[in-house]
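Inside the fold
Each chain, letter by letter, is given below.
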Amino acid sequence: MAVYRFKVSFEDYDDVTREVDIKSTHTFEDLHRAIHISTGYKPEYSSSFYISNDQWIKGQEIAYMPSQRKIDRGVALMEKSKLSSFIDDPHQKFYYTFNFDRPFDFHIELIKILDETPGVTYPFVAKSNGEAPKQFGNVVIPSAATAASADDDFDFLNEMEIVPEDAAEFESVLDTDEDTTEKGSDDVEDEEDEFGDDFADNEGFDEGISEKDDY
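Cut-off values and rules
Residues numbered from 1 in each chain as written. Predicted model: local features only at pLDDT ≥ 70, side-chain atom pairs only at ≥ 80, totals over all residues. Heavy atoms only, no water. Helix = DSSP H or I, 4+ residues; strand = E, 2+ residues; numbered from the N terminus. Buried < 20%, exposed > 50% of the residue type's maximum accessible area, 1.4 Å probe, protein only. Contact = heavy atoms within 4.5 Å. Salt bridge = Lys/Arg side-chain N within 4 Å of Asp/Glu carboxyl O. Pairing = 2+ DSSP bridges. Core = buried A, V, L, I, M, F, W, Y, C linked by side-chain atoms within 4.5 Å. Phe/Tyr/Trp six-rings, centres within 6.5 Å; stacked < 30°, edge-to-face > 60°. Expected span 1.5 Å × (residues − 1). Polar contact = N/O pair within 3.5 Å; in protein donor to acceptor, adjacent residues only side chain to side chain.

**What about the overall build of the protein?**
A tally of helices and strands in the protein yields five helices and eight strands. Counting from the amino terminus, the protein carries its helices and strands in the arrangement β-β-α-β-β-α-β-β-β-β-α-α-α. The proportion of buried residues among the 215 residues of the protein is 31%. Long-range contacts, defined as pairs at least 24 residues apart, comprise 60% of the intrachain contacts of the protein with a sequence gap of at least 6.

**Looking at the pattern of salt bridges**
Per the stated rule, a full pass over the model turns up eight salt bridges. As a salt-bridge pair, Arg5 and Asp21 come within 2.7 Å of each other at their nearest N and O atoms. Of this pair, Arg5 sits in strand β1 (residues 2–10) while Asp21 sits in strand β2 (residues 17–23); the two residues are 16 residues apart in sequence, bridging distant segments of the chain. Look at Asp21 and you get buried, because its relative accessible area is 5%. A salt bridge links Lys93 to Asp54; its shortest N-O distance comes to 3.1 Å. Residue Lys93 is found in strand β6 (residues 93–98), and its partner Asp54 is found in the loop between β3 (47–52) and β4 (58–64); the two are separated by 39 residues along the sequence. Through salt bridges with shared partners, one network takes in Glu29, Arg33 and Glu44.

**Considering the pairing of β3**
The element β3 is largely enclosed, with a buried count of five among its six residues. Where β3 folds back onto β4 in an antiparallel hairpin, the turn is made up of five residues, including Trp56, whose phi is positive at roughly 60°.

**Structural notes on the nonpolar core**
If you look at the biggest cluster of nonpolar residues, it comprises 28 residues, and the most contacted ones within it are Phe6, Leu31, Phe49 and Ile108. Elements that contribute at least two residues to this core include exactly β1, β2, α1 (28–39), β4, β6 and β7 (104–115). Leaving out residues up to four positions away in the same chain, Ile108 has contacts with Phe6, Lys7, Val8, Leu31, Ile35, Phe49, Trp56, Gln92, Lys93, Phe94 and Tyr96.

**A few points about the pairing of β1**
In terms of burial, β1 is largely enclosed, as seven of its nine residues are buried. Looking at chain direction, β1 and β7 are connected through nine bridges and run antiparallel. Looking across to β7, one finds that Val8 is bridged to Ile108. Of the strand pairs in this sheet, β1 and β2 are connected by seven bridges, and their pairing is antiparallel. Note on β2: the bridge partner recorded for Val8 is Arg18.

**Notes on the sheet that holds β7**
Pairing is mixed in the open sheet, where eight strands are placed in the order β5-β4-β3-β6-β7-β1-β2-β8. Each edge of the sheet is formed by a strand with only one pairing partner; in this case those strands are β5 (76–77) and β8 (124–129).

**Brief notes about the environment of Pro43**
Relative to the assigned elements, Pro43 resides in the loop between α1 and β3. Along the sequence, Pro43 and Tyr64 sit 21 residues apart, while their C-alpha atoms lie 9.8 Å from each other.

**Focus on the packing of aromatic side chains**
A ring pair, where both rings are aromatic, is described by two values, the distance of the centres and the angle of the planes. In this structure the tally under the stated criterion is 17 aromatic pairs. The interplanar angle of 65° and the centroid separation of 6.5 Å between the aromatic rings of Tyr13 and Phe104 together place this pair among those described as edge-to-face. Of this pair, Tyr13 sits in the loop between β1 and β2 while Phe104 sits in strand β7; the two residues are 91 residues apart in sequence, bridging distant segments of the chain. On the accessibility criterion, Tyr13 (36% relative accessible area) is partly exposed.

**Thoughts on α1**
Along its twelve residues, α1 runs 17 Å from first to last C-alpha, staying within 8% of the 16 Å computed at 1.5 Å per residue. Taking burial as the measure, the twelve residues of α1 include nine buried ones, the bulk of the element. Those residues of α1 lying buried are Phe28, Glu29, Leu31, His32, Ala34, Ile35, His36, Ser38 and Thr39. Near the N-terminus of α1, the side chain that reaches the backbone nitrogen of Glu29, with its oxygen 3.3 Å away, is that of Thr27. Where α1 ends, the next residue or the one after it, Gly40, has phi of about 85°, a positive value.

**Notes on the environment of Ile37**
Structurally, Ile37 is set in helix α1. For the pair Ile37 and Val125, spaced 88 residues apart in sequence, the C-alpha to C-alpha distance is 8.4 Å.

In structure tokens:
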């Protein structure tokens, strides 16, 4: 049985690539899941492959967890679409968008057609280069239980994309600034008292000057 070797590249991260071996009879859902075994992402998000030309222009869509609008339009479904049914070029390309809510875009290219190797379980990650970026970056996604209490305190931090660890550090800096400010105010008061005492001690000196002026 034929085995396809696909090179998987992040569109925005040139140094992160994977090579995935998969049987020609497997589906696009199998490829979708194999890609995210290699990236460490959770695959249960609406995503699509698009048949592509050499310029990565999107053609026919093959969807996973599609919207009702796409279903009504008759979009092809990953779980029902075998890879072999959509490959007519030895260097077939697919443009792939994972998770439309927070998308990552990929270039998928067929680079080899191999014979099945006995004892190998397919799909199989044949090669891995570079560390995949975090699935959700630094965005804080609070649980429902903590969201209400956290919203008021951390809204402006979330807008700055500060993670909880950074927020704690940020708070400690604020506390330090407050202590410094309070200490500074006390120091000013102490200085005022000190100068006040000095002027009080010099009252006699001022009187002496006045007496001399009388002469």
